[in-house]
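# Fold and geometry: a report
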Amino acid sequence: MSKSRWTRYLATASLFGTSIGIGIAFAVSAPVASALTGRHHTGLAVRAPQSLPAAGRMSRLADAGDSSLSGVSCPSASSCIAVGQEGSGSYEVGWNGVRWTRMSAPQTSNANVQLSGVSCVTARWCMAVGSKDSIPIPFALRWNGASWNSVTPQRQTGLWSDLTSVSCVATTWCDAVGVTQTSDMRYQSLAEHWNGSTWHVVRVPPSLGTGGSLSGISCTTSSSCVAVGTNSRGGPLAGHWNGIEWRGVQVKVHADDSYLTALSCWTISTCVAVGATTEASGAYSEVWNGKVFAPMPAIPSPLSFSMNLEGIACTPSARCIAVGYGAWGPHGPNNDVAVSWNGTRWRFDNLTVPHTVTSLLSAIDCRSSSKCTAVGDPSLAIRWNGTAWRTEPVPN
C-alpha cells in the first residue's frame, strides 16, 4: 500500500510548480530520462534536484548496496511482509513476531526491479506489485508461504508503466493501480485486476485516467475499492470500483495546490486519504463518505516544519495513523513523520527514533490501534505499541 518514487515525485513536481524537466525520481535508462526531461543524462539513477522544496524532495537509491522499503502488509499481529528495492533488484523481508528476516525472491534477468506495494490475505499468501526494466513495465510477485513467484501483469501500451499500489480481499481477487505514459507523452491512470490466475488491464474512464496517475488503493470487498492520486492539473484525483467498472468521484479540496498519495478504508463508505498541499503544514487529508471526498480538519505541525504523508492505516474503531517525511525549513534534511487521528482531530507525533541518516517513512499497516508497523527508506522499520514507536532491525 505504497507507491513508486517516480509517481510521488510526479505529483510533487506538479504541486510545487516544478517542471518535470528538472529531475526524475525513478531509476530509468538514459534515453528515457532524456525523453522525460529534455536533458541527456549519463547515469541510471537521476536524483530530484536539491532546489525542490524540502517537502517535495524524494530520496533515491544511488548505490548498488542501498535498500529501501516501500510497502508493508500485516495479515496478523505476529506476521508482516515488507517489500521494496535493493540496488537494482527487489527486496523482501518478513516479520515473525520476534524479528525481521530476509526473504529470497526469484532471480530475474531484468535490472531495475522495484516493488512499490504489497497486500497479504494470509501469512501464506501475498501479492506485491511494482515495475521492472530500464524502461519500466508492470511487475508482480506472489508469495505462497514458501517462495515468491513472478506473475506477470498485462502490459499497457505506451512508453512505460508502473504499478504503485495493490489491495487484495482474497487469493483470487486483487486490484492494483498505477500510471503509464502514452506514446504522445501524456500520463494515464492505470488499473489491473487479478482473478486468481492472471492479471489483466481494466478500463479507466477519462474522468479518472486522462492525464492522471493513481498512487493508492484500498478495497474492503470485491465490489468496493477506492483509489487516489494526482490529476492532470496536479490536484487530487479519486475513483471508485463498484465491482463492474471504475468511476471518477468528486474531491472537495480546501486548497487548489494539493494531491493525494494514499488511503485506508475500513467500510465500503468510510475511507481516509492523505497527501500534500502548499498550505500550512504541507500535509492534508480527506474523508470518503461513500459518495465524495471532503476535507478533514487541518493536520498540525511544529512551526517551520513542512511534511508529506506517504502512507496511512486505519482501524475499525476509526483511528488512523499516517506516516511520511518532513523537514525543518526549506533546506533541512528529511526526517520520519507520523500523525494520528483520534476520531475528532489530528495530532503530530514526535518520533523519538534514533537515526544517523536522513530517512523517510513510506507505508504503514495496523492490526489494531496499538499494533502498527511502518517501513521506509533506508531499509527502515518501526513498530507502534499504542504508547511509543520502537525501531526494529531490518536485515540488508
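Our subject is the structure listed above.
Anyway, here's the lowdown on the structure attached to this text. Remember, it's a predicted structure, so these values are computed and weren't measured experimentally.

Cut-off values and rules
Sequence positions are assigned chain by chain, starting from 1 and proceeding in written order. In keeping with the predicted nature of the model, local features appear solely for residues at pLDDT of at least 70, side-chain atom pairs appear and are counted solely at 80 or more, and the whole-chain, interface and lining totals rest on all residues. Just so you know, side-chain values use all the structure's heavy atoms and leave hydrogens and water out. By definition, disulfides here are pairs of cysteine sulfur atoms that lie within 2.5 Å. Remark: exposure states derive from per-residue accessible area (1.4 Å probe, protein chains only) relative to the maximum for the residue type, with buried under 20%, exposed over 50%, and partly exposed in between. Each nonpolar core is a collection of buried residues, namely Ala, Val, Leu, Ile, Met, Phe, Trp, Tyr and Cys, held together in the definition by side-chain atoms within 4.5 Å. Per the convention used, a helix needs a DSSP run of H or I reaching at least four residues, while a strand needs a run of E reaching at least two, with both numbered from the N terminus. In what follows, a contact means two residues having at least one pair of non-hydrogen atoms within 4.5 Å. Any Lys or Arg side-chain nitrogen located within 4 Å of an Asp or Glu carboxyl oxygen qualifies as a salt bridge. Aromatic pairs are defined between Phe, Tyr and Trp rings, using the six-membered ring for Trp, whenever the two ring centres lie within 6.5 Å; interplanar angles under 30 degrees are classed as stacked, those over 60 as edge-to-face, and all others as tilted. Note: two strands are recorded as paired if DSSP finds a minimum of 2 bridges between them. For helices, the fitted line uses only the C-alpha atoms of the stretch in contact; every axis is such a line through C-alpha atoms, and the angle between N-to-C directions lies from 0 to 180 degrees. Polar contacts, as used here, are pairs of N or O atoms within 3.5 Å; protein pairs need one atom able to donate a hydrogen and one able to accept it. Residues neighboring in sequence count only if both atoms are side-chain atoms.

## Quick notes on the state of the cysteines
With the rule as written, the count across this model stands at seven disulfides. Residue pairing for C265: its cysteine sulfur links by disulfide to C271, the two sulfurs lying 2.0 Å apart. A torsion of 100° about the S-S bond marks the disulfide between C265 and C271 as right-handed. Taken as a pair, C265 and C271 share a single burial class, namely buried.

## With respect to the nonpolar core
Nonpolar side chains in soluble globular proteins tend to end up buried together. In terms of nonpolar packing, the biggest core is built from 18 residues, with M307, L309, I312, V339 and W346 touching the most fellow members. Mapped onto this core, the elements with two or more residues apiece are strand 18 (270-277), strand 21 (305-314), strand 22 (320-328), strand 23 (335-341) and strand 24 (346-349). The greatest single-element share of this core, amounting to five residues, is contributed by strand 21. In this structure, V339 is in contact with I299, M307, L309, C320, I321, A322, W346, R347, F348 and D349, ignoring residues within four places of it in sequence. Formed by 14 residues, the second largest nonpolar core is a distinct cluster that contains V202, V204, I217 and L237.

## A short note on the pattern of salt bridges
For the structure on display, the rule yields five salt bridges. The partner of E245 in a salt bridge is R247, with the nearest N and O atoms 2.8 Å apart. Among the salt bridges present, the one from D349 reaches R347, with a minimum N-O distance of 2.8 Å.

## Digging into the packing of aromatic side chains
Summed over all chains, the structure comprises eight aromatic pairs. Between the aromatic rings of W143 and W148, the centroid separation amounts to 5.5 Å while the plane-to-plane angle is 45°, which identifies the pairing as tilted.

## Overview of unusual backbone geometry
Here the amide bond leading from D377 into P378 is cis, since omega sits at 5°, within 30 degrees of zero. Considering the arrangement of structural elements, one finds P378 in the loop between strand 26 (371-377) and strand 27 (380-384). Despite not being glycine, A318 shows a phi value in the positive range, around 65°. Mapped onto the elements, A318 comes out in the loop between strand 21 and strand 22. Classification of A318 as partly exposed rests on a relative accessible area of 24%. Here S379, not a glycine, exhibits a phi torsion of approximately 30°, which is positive. On the basis of relative accessibility, which here comes to 15%, the residue S379 falls in the buried class.

## Re the pairing of strand 1 (residues 67-76)
Counting buried positions along strand 1 yields nine of ten residues, so the element is predominantly enclosed. Pairing of strand 1 with strand 2 (residues 79-86) involves seven bridges; the strand directions are antiparallel. Residue pairing for strand 2: S76 is matched across the bridge by S79. Counting the residues in the hairpin turn of strand 1 and strand 2 gives two residues.

## Re the sheet that holds strand 21
Taken together, four strands build an open sheet; the order of strands is 21-22-23-24 and the sheet is antiparallel. Two strands in the sheet have a free side with no partner beyond their single neighbour: strand 21 and strand 24. Averaged over all neighbouring strand pairs, the angle between strand axes comes to 30°, with direction disregarded. As judged from the four bridges shared by strand 23 and strand 24, these two strands associate in the antiparallel manner. Following the sheet pairing, A338 is matched in strand 24 by D349.

## Observations regarding the side chain of T373
Along the chain, the position of T373 falls in strand 26. Side chain to side chain, T373 and R383 meet in a polar contact 2.7 Å long. Excluding residues within four positions of it along the chain, T373 makes contact with V72, C74, C80, W100, A363, I364, D365, I382 and R383.

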